[in-house]
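Coordinates in review
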Amino acid sequence: MPLIPMRPLLDFAALKGFGVAALNVNNMEQIQAIMQAARKTKSPVIIQASRGARKYTNDNFLRHLMLAAAELYPEIPIVMHQDHGNGPETCISAIKQGFTSVMMDGSLEEDGTTPASYEYNVAVTRYVVDIAHSLGVSVEGELGVLGSLEHLGGEQEDGHGAKGKLTLEQLLTDPDQAIDFVERTGVDALAVAIGTSHGAYKFSKKPTGDVLAIDRIIQIHKKIPNCHLVMHGSSSVPKKLIDIINANGGSIRETYGVPVEEIQRGIQAGVRKINVDTDNRLAMTGAVRKFMKEHPAEFDLRAWMKEATAAMEAVCEERMTQFGQAGWASQVPIVTLEEMAIGYKAGKYGQNAKPSQSWKEKNFATN
């Protein structure tokens with residue numbers, strides 16, 4: 001089965017009322033964990049890589065690992081997604097490397113730390129949509145800046161994230177502005193700011209509505225019911241995973257993530273893609289620390305990586321079931337990039353998603 005674009009998967013998820021975990025990877029074992037969980041649960045998957053992951057793994061290694069996953073798990077629909085593209089060049093390079101979906105995060109300027117103006121966000125996102133849709137690649141945009149409603153600050157992940165103090169207006173996506181943004185950019189999915197953030201330290205206590213604005217998702221979905229919404233920074237940071245790390249020499253301070261039941265509320269209100277990374281990192285780290293403590297003479301990395309892979313697989317399996325994607329793999333429409341490009345051009349996915357020809361002026365086709 002070929003790698004597929006994200007839009008048909010999210011369309012199908014909306015039709016059936018489930019969400020899809022978008023799982024970040026950096027190496028072979030993480031991809032193996034995701035695919036083994038997907039096979040067990042019969043789930044379609046979105047596997048995504050940040051700029052930091054692409055640098056760490058190297059694009060060529062990553063591309064071939066993803067092709068291997070598609071070859072070894074032919075029954076599983078797989079989306080290969082660029083997470084938090086900081087500019088058009090990042091997205092273009094991902095497309096050239098075989099990514100079937102890209103995120104243009106124009107909420108921040110190209111440095112990945114400075115909050116951008118609204119018009120900048122619209123312009124840069126539309127530019128990427130023109131290029132990507134002409135090639136059948138899906139595009140996720142972002143409106144609002146990810147960050148904490150507790151301390152009004154952003155969180156860094158692989159060097160990406162707002163620095164300095166932010167305002168409530170920046171940290172919460174405006175529902176009316178979302179209408180304009182989607183109409184002008186033609187994005188396939190929209191990441192919204194509701195108080196979630198990257199990393200393990202999201203909330204100082206179990207979040208309530210004043211710091212985790214699920215109600216804002218409901219408002220946005222009412223305004224743009226046909227646009228798929230995305231929750232970033234949505235790891236649940238289970239205490240049991242932190243306890244394993246700390247019991248085996250770690251030092252993770254008390255913290256709280258996004259409760260699964262709140263994510264499920266979001267799914268009911270139009271969220272179709274849920275980004276999960278930290279939970280998998282915690283699971284793998286805990287497994288390695290535990291194994292090393294129990295087997296101090298072991299030096300074969302295969303021994304402890306096997307344990308780490310199994311720990312991540314268990315988390316992925318749990319999230320796939322909780323988000324409702326389990327059992328749907330065989331029914332997801334398989335659409336090639338070539339077919340998607342024809343569909344975009346014909347307006348099948350909305351007139352605003354039709355690519356203009358302005359990208360040709362940048363001579364992308366000959367680069």
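Predicted model only: the values in this text are computed from it and were never measured.

1. Some words on helix α2 (residues 28-41)
- A rise of 1.5 Å per residue sets the reference length of α2, with its 14 residues, at 20 Å; its end C-alpha atoms lie 20 Å apart and thus fit the reference within 8%.
- Of all the residues in α2, the buried ones are Glu29, Gln30, Ile31, Ala33, Ile34, Met35, Ala37, Ala38 and Thr41.
- Where α2 is buried, its residues contact β1 (20-24), β2 (45-49), α4 (59-72), β3 (78-85), α12 (278-294) and α13 (301-323).
- Regarding α2, its N-cap is Asn27, as a side-chain oxygen of that residue lies 3.4 Å from the backbone nitrogen of Glu29 further along.
- Directly beyond the C-terminal end of α2, a positive phi value near 55° is found at Lys42.

2. Here's the deal with the pattern of salt bridges
- In this structure the tally under the stated criterion is 19 salt bridges.
- Between Asp59 and Arg54 there is a salt bridge, and its shortest N-O distance comes to 2.8 Å.
- Accessibility expressed as a relative area gives 18% for Asp59, which makes it buried.
- Between Arg265 and Glu262 there is a salt bridge, with its nearest N and O atoms 3.1 Å apart. With a gap of three residues between them, Arg265 and Glu262 both fall in helix α11 (residues 260-268), about one helical turn apart.

3. Observations concerning helix α6 (residues 118-134)
- For α6, spanning 17 residues, the distance from its first C-alpha to its last is 24 Å, which sits close to the expected 24 Å at 1.5 Å a residue.
- Counting buried positions over the 17 residues of α6 gives 12, a clear majority of the element.
- The complete set of buried residues in α6 reads Tyr118, Asn121, Val122, Val124, Thr125, Arg126, Val128, Val129, Asp130, Ile131, Ala132 and His133.
- For α6, the secondary structure elements touched by its buried residues are α5 (88-96), β4 (101-104), β5 (138-143), α8 (175-185) and α14 (337-345).
- Backbone geometry just after α6 places Gly136 at a positive phi near 85°.

4. Here we look at the pairing of β4
- Neither face of β4 is exposed, since Ser101 and Met103 on one face and Val102 and Met104 on the opposite face are all buried.
- Alignment of β3 against β4, held across three bridges, turns out to be parallel. Of the residues in β4, the one forming a bridge with His81 is Ser101.
- Read as a crossover between parallel neighbours, the route from β3 over α5 to β4 is right-handed.
- Note: β4 against β5, four bridges, orientation parallel.

5. Some remarks on the sheet that holds strand β6 (residues 189-192)
- Reading around the circumference, β1-β2-β3-β4-β5-β6-β7-β8 is the order of the eight strands in this closed barrel, with parallel pairing throughout. Taking the axes of each pair of neighbouring strands and ignoring which way they run, one obtains an average angle of 25° across the sheet.
- Judged from the three bridges that link them, β1 and β2 form a sheet pairing that is parallel. In the strand pairing of β2, Leu23 is matched with Ile47.
- Running at roughly 170° to β2, α2 makes contact with β1, β2 and β3 of the sheet.

6. A closer look at the environment of Gly144
- When you line up the elements, Gly144 lands in the loop between β5 and α7 (168-171).
- Taking the C-alpha atoms as reference points, Gly144 and Leu171, 27 residues apart in sequence, are found 5.7 Å from one another.
- Ignoring any residue separated from it by four or fewer positions in sequence, one finds Gly144 in contact with Ser107, Gln170, Thr173 and Ala193.

7. Topic: empty space enclosed by the protein
- Taken as a whole and judged by the stated rule, the model has three cavities of 30 Å³ or more.
- As for the second largest cavity, its lining consists of His84, Asp105, Ser107, Leu108, Glu142, Val145, Leu146, Glu155, His160, Gly161, Ala162 and His198.
- Looking at the lining of the second largest cavity residue by residue, the class counts come to four nonpolar, five polar and three charged.

8. Structural notes on the nonpolar core
- Formed by 80 residues in total, the largest nonpolar core has its most connected members in Ile34, Met35, Val45, Ile47, Ile78, Leu190 and Ile217.
- It is α6 that contributes the most residues to this core, seven residues altogether.
- The contact partners of Ile78, leaving out residues within four places of it in the chain, are Leu3, Ile4, Met35, Val45, Ile47, Met66, Ala69 and Ala70.
- Residues Met6, Ala13, Ala189 and Val332 belong to the second largest nonpolar core, which totals 16 residues.

9. What to know about the state of the cysteines
- For the structure on display, the rule yields zero disulfides.
- A disulfide-free cysteine, Cys91 has its sulfur positioned 16 Å from the sulfur of Cys227, the nearest such atom.

10. Concerning the pairing of β1
- With respect to burial, β1 is a largely interior element, five of its five residues being buried.
- In terms of strand pairing, β1 meets strand β8 (residues 271-276) through four bridges, oriented parallel. Along β8, the bridge assignment pairs Val20 with Lys273.
- On the question of chirality, the crossover connecting β1 to the parallel β2 by way of α2 is right-handed.

11. Quick word on the packing of α2 against α13
- At their nearest, the axes of α2 and α13 sit 8 Å apart, and the two run at 45° to each other. The orientation of α2 with respect to α13, classified from their angle, is oblique. Two packed elements cross with a definite hand, and for α2 against α13 that hand is right-handed. On the side of α2, the interface is formed by Glu29, Gln30, Gln32, Ala33, Ile34, Gln36, Ala37, Ala38, Lys40 and Thr41, while α13 contributes Met305, Thr309, Met312, Glu313, Cys316, Glu317, Met320 and Thr321.
- Taken together, the residues of the contact of α2 with α13 sort by class into eight nonpolar, six polar and four charged.

So, how was this worked out
- Residues numbered from 1 in each chain as written.
- Predicted model: local features only at pLDDT ≥ 70, side-chain atom pairs only at ≥ 80, totals over all residues.
- Heavy atoms only, no water.
- Helix = DSSP H or I, 4+ residues; strand = E, 2+ residues; numbered from the N terminus.
- Expected span 1.5 Å × (residues − 1).
- Buried < 20%, exposed > 50% of the residue type's maximum accessible area, 1.4 Å probe, protein only.
- Contact = heavy atoms within 4.5 Å.
- Polar contact = N/O pair within 3.5 Å; in protein donor to acceptor, adjacent residues only side chain to side chain.
- Salt bridge = Lys/Arg side-chain N within 4 Å of Asp/Glu carboxyl O.
- Pairing = 2+ DSSP bridges.
- Right-handed = clockwise from strand over helix to strand, strands pointing away.
- Axes fitted to C-alpha atoms, helices over the stretch in contact; angles between N-to-C directions.
- 1 Å grid on protein atoms, 1.4 Å probe; cavity = no way out; pocket = protein on both sides within 12 Å on 5 of 7 lines; lining within 4 Å.
- Points joined across faces, edges and corners; volume = space filled by probe spheres on them.
- Nonpolar A, V, L, I, M, F, W, Y, C, P; charged D, E, K, R; others polar.
- Core = buried A, V, L, I, M, F, W, Y, C linked by side-chain atoms within 4.5 Å.
- Disulfide = S-S within 2.5 Å.
- Parallel < 35°, antiparallel > 145°, perpendicular 65-115°, else oblique.
- Left-handed = near helix turned anticlockwise from the far one by under 90°.

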